[in-house]
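This is what each chain is made of:
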Amino acid sequence: MLPSDEIDTPRGPARIDTDLPSGPATALLVLGHGAGGSVDAPDLLAVRDAAVAAGLAVVRVTQPYQVAGRRAPAPAGHLDEAWTAVLAVLRDRHADVPTVLVGGRSSGARVACRTARAVGAAGVVALAFPLHPPGRPERSRAAELDTGLPTLVVNGDRDPFGTPEPGPTVRVVTRPGETHDLRRDPGGTAALVRDWLRAQGWAPT
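One structure accompanies this document, and this report is about it. Keep in mind that what you see is a predicted model, and the values were worked out from it rather than measured. (Residues numbered from 1 in each chain as written. Predicted model: local features only at pLDDT ≥ 70, side-chain atom pairs only at ≥ 80, totals over all residues. Heavy atoms only, no water.)

1. Let's talk about the packing of aromatic side chains
We count it as follows: For Phe, Tyr and Trp, where Trp contributes only its six-membered ring, two rings pair if their centres lie within 6.5 Å, and the inter-plane angle classes them as stacked under 30 degrees, edge-to-face over 60, or tilted in between. Burial status follows relative accessibility: with a 1.4 Å probe on protein chains alone, a residue under 20% of its type maximum counts as buried, one over 50% as exposed, and anything between as partly exposed.
Inspection of the entire model under this criterion finds one aromatic pair. Arranged with centres 5.5 Å apart and planes meeting at 70°, the rings of Trp196 and Trp202 form a pair that is edge-to-face. For Trp202, a relative accessible area of 10% translates into the label buried.

2. Describing the pattern of salt bridges
To be explicit about the condition: Any Lys or Arg side-chain nitrogen located within 4 Å of an Asp or Glu carboxyl oxygen qualifies as a salt bridge. What counts as a helix is a DSSP run of H or I of at least four residues, what counts as a strand is a run of E of at least two, and both are numbered from the N terminus.
Summed over the entire model, instances satisfying the criterion amount to 14 salt bridges. Here Asp19 and Arg48 are joined by a salt bridge, their closest N and O atoms 3.9 Å apart. Separated by 29 residues along the polypeptide, Asp19 in strand β2 (residues 14-19) and Arg48 in helix α1 (residues 42-53) bring together distant segments of the chain. Accessibility expressed as a relative area gives 8% for Asp19, which makes it buried. The residue Asp19 makes a salt bridge to Arg60 at a minimum N-O spacing of 3.9 Å. One end of the pair, Asp19, is in strand β2; the other, Arg60, is in strand β4 (residues 57-62), and 41 residues separate them in sequence. In terms of burial, Asp19 and Arg60 fall into one category: buried.

3. What to know about the nonpolar core
Our working definition: What we call a nonpolar core is a set of buried Ala, Val, Leu, Ile, Met, Phe, Trp, Tyr and Cys residues that are connected through their side-chain atoms within 4.5 Å.
Ranked by internal contacts, the top residues of the largest apolar core, which has 33 residues, are Leu28, Val61, Trp83, Leu90 and Val102. Among the secondary structure elements, those contributing two or more residues to this core are β2, β3 (28-32), β4, α3 (76-93), β5 (100-105), α4 (107-115), β6 (123-127) and β8 (170-175). Leu29, Ala46, Ala51 and Ala203 belong to the second-largest nonpolar core, a separate cluster that totals 27 residues.

4. Focus on unusual backbone geometry
Look at Ser106: it is not a glycine, yet its phi comes out positive at around 55°. Owing to a relative accessible area of 11%, Ser106 belongs among the buried residues under this scheme. The residue Ala128 is not glycine, and still its phi comes out positive at about 50°. In this structure, Ala128 sits in the loop between β6 and β7 (151-156).

5. Some words on α4
The cut-off we apply is this: Here, two residues are considered to be in contact whenever any of their heavy atoms come within 4.5 Å of each other.
The buried fraction of α4 is high, at eight of nine residues. Those residues of α4 that fall on the buried side of the exposure criterion are Ser107, Gly108, Ala109, Arg110, Val111, Ala112, Cys113 and Thr115. Taken together, the buried residues of α4 touch β3, α3, β5 and β6.

6. Topic: the pairing of β5
The test is simple: Criterion used throughout: strands pair if DSSP finds at least two bridges between them. Viewed with both strands pointing away, a crossover whose connecting path from the first strand over the helix to the second turns clockwise is right-handed.
In terms of burial, β5 is a largely internal element, six of the six residues being buried. Strand direction decides the pairing type here: β3 and β5, joined by five bridges, are parallel. Bridging across to β5, Val30 finds its partner in Val102. A crossover links β5 with its parallel partner β6, the connecting element being α4, and its sense is right-handed.

7. What to know about the side chain of Thr115
The condition that has to hold: As used in this structure description, the phrase polar contact means that two N or O atoms lie within 3.5 Å; if the pair is within protein, one of them must be able to donate a hydrogen and the other to accept it, and residues adjacent in sequence are counted only when both atoms belong to side chains.
Structurally, the position occupied by Thr115 is in helix α4. Separated by 3.2 Å, the side chains of Thr115 and Trp83 make a polar contact. Within the structure, the side chain of Thr115 is placed 2.8 Å from the backbone oxygen of Val111, a separation counted as a polar contact. Setting aside residues up to four positions removed in sequence, Thr115 forms contacts with Asp80, Trp83 and Thr84.

What follows is the structure, encoded as structure tokens:
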């Protein structure tokens, strides 16, 4: 793991934590955190470990509002703006890596989906995608998953935020006994992500 670094964005500095594989990276996977969580959430760390072991470079991005010490998440437009600025820098820094993938958990998954095409991503990894606010299924966010890009969604079957339906480019895996935090079996979640990355040709088989 490289030392933490900061990248300036229009919304303040974002922090990045970079982990590189032992050889040349086959893809760059950029991950964002949940609204009230951190990039050290168990599922994000497990996915990082599995992806790096599979030959990918992984960057975890802490949004500017958290770097500044604010607990309340920034508006969606601010999150997207900061994320897009970070991705532009990362693409330059990792110009030798052929493929960029984006993802995250909960709010971070939403940001990744909303900006995936704008940042030139090839695919999306969405952990605990919050389909709707708890108890408000009529406020669906399913449209955010409609990027047209290969997308993996991993949600728990006890997630109060709901679980999306699969689509032509969206694969949904529902994990038994898991809630929104996906804490029961992070390794199992990471294995699902690794296998999907391999199936898409983004990680060596």
